[in-house]
Amino acid sequence: MADLVLFNANVMTMDSSCPTAQLIAIQDNRIIAVGKDDDLREFQRRNTKTIECRGKTVLPGFIDAHCHLHALAESRVTLNLEPHHNVRSISDVQTKIKASSQQLPSGAWIRGRGYNEFYLAEKRHPNRWDLDQVTSAHPIKLTHRTGHAHVLNSLALKMVGISNETPDPPDGLIDRDVKTGEPTGVLYRMGDYLSSKIPPLENHQLDQGIRIANDELLSMGITSIQDASSHNGIDQWKMFRRWKDTGFLNPRVAMMLGSESFSVYRKEDFETQTDKSQLRLSGVKIILDETTGHLSPGLAELNEMVLKIHRSGFQACLHAVEENTVETACSAIEYALRKLPKSDHRHRIEHCSVCSPPLAKKLAALGIIVVTQPSFIYYSGDRYLRTVPAEELKHLYPIRTLLESGVKVAASSDCPIAPENPLMGVYAASSRMTETGEAVLSEEKITPEEALRMYGENAARATFEEHLKGSISPGKLADLVVINGDPTKLPFNEIKEIKVEMTILDGEIVWERR
Ligand SMILES: [Zn+2]
C-alpha cells in the first residue's frame, strides 16, 4: 500500500540494478517500490494520491554538495551587483547604491554583493572614493562575487577601524594607494574581521532571504544541500535548526564545521534531538590559500589539523583551487592516513580547479572525493579563457580525467557564487560550453548521465549518505524531481532549457510549477 504513486513517468532511477521504470510507489517518506504502470493497482488504495506524469522524466532529488546558504539568504535581501543584473560599470554600481540610499535612513548599512570586476567596463574593483561619491551618510559594504574581497566606503572604513596606520592582518590584505599609503577601501580575505565589526542582518531580514532561497532551491529540484561555509559553528547550526523548525527551509542540510569551531567542538552542542536526515554535521572545512603569496595555513600546521580531524572520525573538506594547493591538500591527507590508516575516510577536496592527470591518479589512490562546480564553466568560462594562464587552463576542471582516474566526483553550485541550477551544471559538464558558446577543454566532456550521478549518488557518498539518497530505489528517502525533458536524450543545447515541474521531498510535494 502506498501513500503516493507516480506513474506514466520516464523514471531514471540511477540504480544500475533497474535503470528505468514507469512507476514509483511511496509510503511515508520512503520509496517502497519501483516498477511498471501495470503495478499501479497493486499499490493503490482509497487514500492513495496518484500523480500521472504524462511521460515526464523523474530523477532522484538533486544534491548540491557545496554551497553557502547563509550567504545565499543574505544575497537575496541585499543589493544584487552581478553582471547578469545589468551591472556593467562602476557607475552602474553607483546607481544601484544611490537608489538604495534614498530608501534607507542615514546611518543604515548599505550592503551589496556579487560585483565582478572582470565584467565592469573599468576592469577594476570599485574603491572607497567611487562609493563616497554616492553617499557619505551611509556606511557601505560591497562583497566581491567570490566572497573573498570587500569594498568599504570611507564612513564604513572608519566604523570598522581601518586607517592608514592599520597593519595588514596575518592572512588578509588592505589594498593601499601606492603613493599615499591610504587604504583604497578594497580588502582581501578580511570577511571574518568585517563580520566581527559590522552588525549582521536582522533575523527577520535573513528569514525573508531564506524563504526566497528555499523557493529557488526547490524550484531547481534541490532536495539536499551541503553547506561549506568556513565560519560555520554553533550559531550557524542553531540558525539552520530554527529555519528547519519554522519550515522556512525544506532541503536537507549537511553542515560542515569551520576549522576554528572544530577546535572548540563539543558533541553535545550539536545533533542532540535533531533529525539527522534533516540536519546533520558533515566534515570540517579548511581553506587552503596562497593568494597572499604564501601558503596558509602552512604545511606543518595543515598536517596536524587534518590529522586531528581524521582521528576524530570527521571528514576533512579542504578548499583547494590551484594545482599547488591541491597537491598540498593531498599530502596532508596522505600524512594523516600514514599515521592512522583508514580505508573509507571520504576526505574531500573542494573545487580542485586545476589538476593534472598524475595528480588525479594520486587523488584516486588516496580515496579522496573531489567536489567540483561544473556550472562555473558556463558562467565563468569566458573569463577563464582570457585570464587563466595556459599552463593551468589545460588542466582546468578536468572532470573526465578525474572520473577516468577513478576519483569519485560530486557536483555543486557554490551558490551564491553561481546560480544553484544543477541542470545548468549538467549542461556545462557535458558540453563544456561557456555562456557565449566557446568551448573550455572539450576533451573533458562527460555524459549527461555521468553528470547527473555527480548531483546524485556521488554527492550522497560525499556525506556517507548513499544508502539514503542518490537513486530511486526501494528503501531510500522519497526525494524526487520531475523535469520536462530527458537530459540523456535531448540535444546538448536543450539541456539548459529543461525546467523542473515538481519537487518531492520526504514523500511530500514541496514545490510545483504553476
Ligand atoms: Zn564555497
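If you're wondering where the values come from, they're calculated on a predicted model, not measured in any experiment.

**Overview of the packing of aromatic side chains**
For the structure shown, the criterion picks out twelve aromatic pairs. Ring geometry for Phe262 against Tyr265: centres 6.2 Å apart, planes inclined by 25 degrees, an arrangement best described as stacked. A relative accessible area of 9% places Phe262 in the buried class. A relative accessible area of 26% places Tyr265 in the partly exposed class. Aromatic pair Tyr378 and Tyr427: ring centres 6.0 Å apart, planes at 75 degrees, arrangement edge-to-face. Residue Tyr378 is located in helix α13 (residues 375-387), and its partner Tyr427 is located in helix α16 (residues 422-431); the two are separated by 49 residues in the primary sequence. Comparing Tyr378 with Tyr427, the two get one shared label, buried. One aromatic cluster is present, formed by Trp237, Phe262, Tyr265, Phe270 and Phe314 through successive ring pairs. Directly above the aromatic system of Phe118 lies the positively charged group of Lys123, at a separation of 4.2 Å from the ring centroid.

**As for the coordination of the zinc ion**
The zinc ion binds to the protein through His66 (NE2), His68 (NE2) and Asp414 (OD); the donor distances cover 2.0 to 2.2 Å. Mapped onto the sequence, the donors of the zinc ion take the spacing H-x1-H-x345-D. Of this pair, His66 sits in strand β8 (residues 62-67) while Asp414 sits in the loop between β21 (409-411) and α16, placing them 348 residues apart in sequence. Accessibility expressed as a relative area gives 0% for His66, which makes it buried. On the accessibility criterion, Asp414 (4% relative accessible area) is buried.

**Looking at the environment of Ser106**
Within the secondary structure, Ser106 sits in the loop between α3 (90-103) and β10 (110-115). If sequence neighbours within four positions are ignored, Ser106 has contacts with Ala137 and His138.

**Remarks on empty space enclosed by the protein**
Here the idea is plain: a probe the size of a water molecule rolls over the atoms and shows the empty space left. One pass over the structure, following the stated rule, counts two cavities of 30 Å³ or more. Approximately 60 Å³ is the volume attributed to the largest cavity. Together, Pro60, Gly61, Ile63, Thr223, Leu468, Lys469, Gly470, Ser471, Lys476, Leu477 and Asp479 line the largest cavity. Partitioning the lining of the largest cavity into residue classes produces four nonpolar, four polar and three charged. There is about 40 Å³ of room inside the second largest cavity. The wall of the second largest cavity is formed by Met14, Leu59, Pro60, Gly61, Phe62, Leu452, Tyr455, Gly456 and Gly470.

**Let's talk about helix α10 (residues 299-311)**
If you check α10, its first and last C-alpha atoms are 18 Å apart, about what 13 residues at 1.5 Å a residue would give, namely 18 Å. For α10, the complete set of buried residues consists of Leu302, Asn303, Val306, Leu307, Ile309 and His310. Buried positions in α10, seen along its axis, are confined to an arc of 165 degrees and lie on one side of it. Relative to its buried face, α10 has exposed residues pointing more than 90 degrees away, namely Ala300 and Arg311. Contacts from the buried residues of α10 go to α9 (259-263), β17 (279-287), β18 (316-320) and α11 (323-339). Immediately downstream of α10, the backbone of Gly313 shows phi near 90 degrees, a positive value.

**A few points about the state of the cysteines**
Taken as a whole and assessed by the stated rule, the structure comprises zero disulfides. Cysteine Cys53 remains unbridged, with the sulfur of Cys18 as its closest cysteine sulfur at 16 Å. Judged by relative accessible area, which is 4%, Cys53 ranks as buried.

Here is what the cut-offs are and how they apply
- Residues numbered from 1 in each chain as written.
- Predicted model: local features only at pLDDT ≥ 70, side-chain atom pairs only at ≥ 80, totals over all residues.
- Heavy atoms only, no water.
- Phe/Tyr/Trp six-rings, centres within 6.5 Å; stacked < 30°, edge-to-face > 60°.
- Buried < 20%, exposed > 50% of the residue type's maximum accessible area, 1.4 Å probe, protein only.
- Helix = DSSP H or I, 4+ residues; strand = E, 2+ residues; numbered from the N terminus.
- Lys NZ or Arg CZ within 6 Å of the ring centre and 35° of its normal.
- Donors = N, O, S within 2.8 Å, 3.2 Å for Na, K, Ca; no water.
- Contact = heavy atoms within 4.5 Å.
- 1 Å grid on protein atoms, 1.4 Å probe; cavity = no way out; pocket = protein on both sides within 12 Å on 5 of 7 lines; lining within 4 Å.
- Points joined across faces, edges and corners; volume = space filled by probe spheres on them.
- Nonpolar A, V, L, I, M, F, W, Y, C, P; charged D, E, K, R; others polar.
- Expected span 1.5 Å × (residues − 1).
- Arc of directions from axis to C-beta.
- Disulfide = S-S within 2.5 Å.

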